[in-house]
Amino acid sequence: MKVRNSLRSLKSRHRDCQVVRRKGRVYVINKTNRRFKARQG
């Protein structure tokens, strides 16, 4: 999992990436290709 300040560029890496808020943190998840995970902070 990558930790980045901005997730907008990470969302565009793959067409199935989704930006999700969980427990006050912002995550990028991908159900089909699980390599593209990231957290903001």
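An unreviewed UniProt entry annotates the protein as Large ribosomal subunit protein bL36 of Paracoccus onubensis. Under the UniProt heading Sequence similarities (unreviewed entry), the entry covering the protein gives this text: "Belongs to the bacterial ribosomal protein bL36 family."

Novice: Which parts of the structure should I look at to understand the overall build of the protein?
Specialist: Scanning the protein for helices and strands turns up one helix and four strands. Counted from the first residue to the last, the protein has its helices and strands arranged as β-α-β-β-β. Burial analysis of the protein (41 residues in total) assigns 24% to the buried set. A separation of at least 24 residues holds for 28% of the contacts in the protein among residues at least 6 apart in sequence. Carbon and sulfur atoms form 42% of the exposed surface of the protein, whose accessible area is close to 3,400 Å².

Novice: Looking at this structure, how should I read the environment of G41?
Specialist: Summarising the element assignment, G41 is placed in the segment after β4 (38-40). In the structure, G41 is positioned 25 residues away from D16 in sequence and 22 Å away in space, judged by C-alpha atoms. Contact partners of G41, with chain neighbours within four places excluded, come to V3 and R4.

Novice: Is there a simple way to think about the pattern of salt bridges in this case?
Specialist: Two side chains that carry opposite charge are able to pair once their charged atoms sit near each other. Evaluation of the coordinates by the stated rule reveals one salt bridge. Across the salt bridge formed by R15 and D16, the nearest N and O atoms sit 3.6 Å from each other. Judged by relative accessible area, D16 falls into the partly exposed class, the value being 25%.

The rules we used
Residues numbered from 1 in each chain as written. Predicted model: local features only at pLDDT ≥ 70, side-chain atom pairs only at ≥ 80, totals over all residues. Heavy atoms only, no water. UniProt positions renumbered as here; feature names shortened; annotations may be inferred. Helix = DSSP H or I, 4+ residues; strand = E, 2+ residues; numbered from the N terminus. Buried < 20%, exposed > 50% of the residue type's maximum accessible area, 1.4 Å probe, protein only. Contact = heavy atoms within 4.5 Å. Areas by Shrake-Rupley, 256 points an atom, 1.4 Å probe, with all protein chains shown as cover. Salt bridge = Lys/Arg side-chain N within 4 Å of Asp/Glu carboxyl O.

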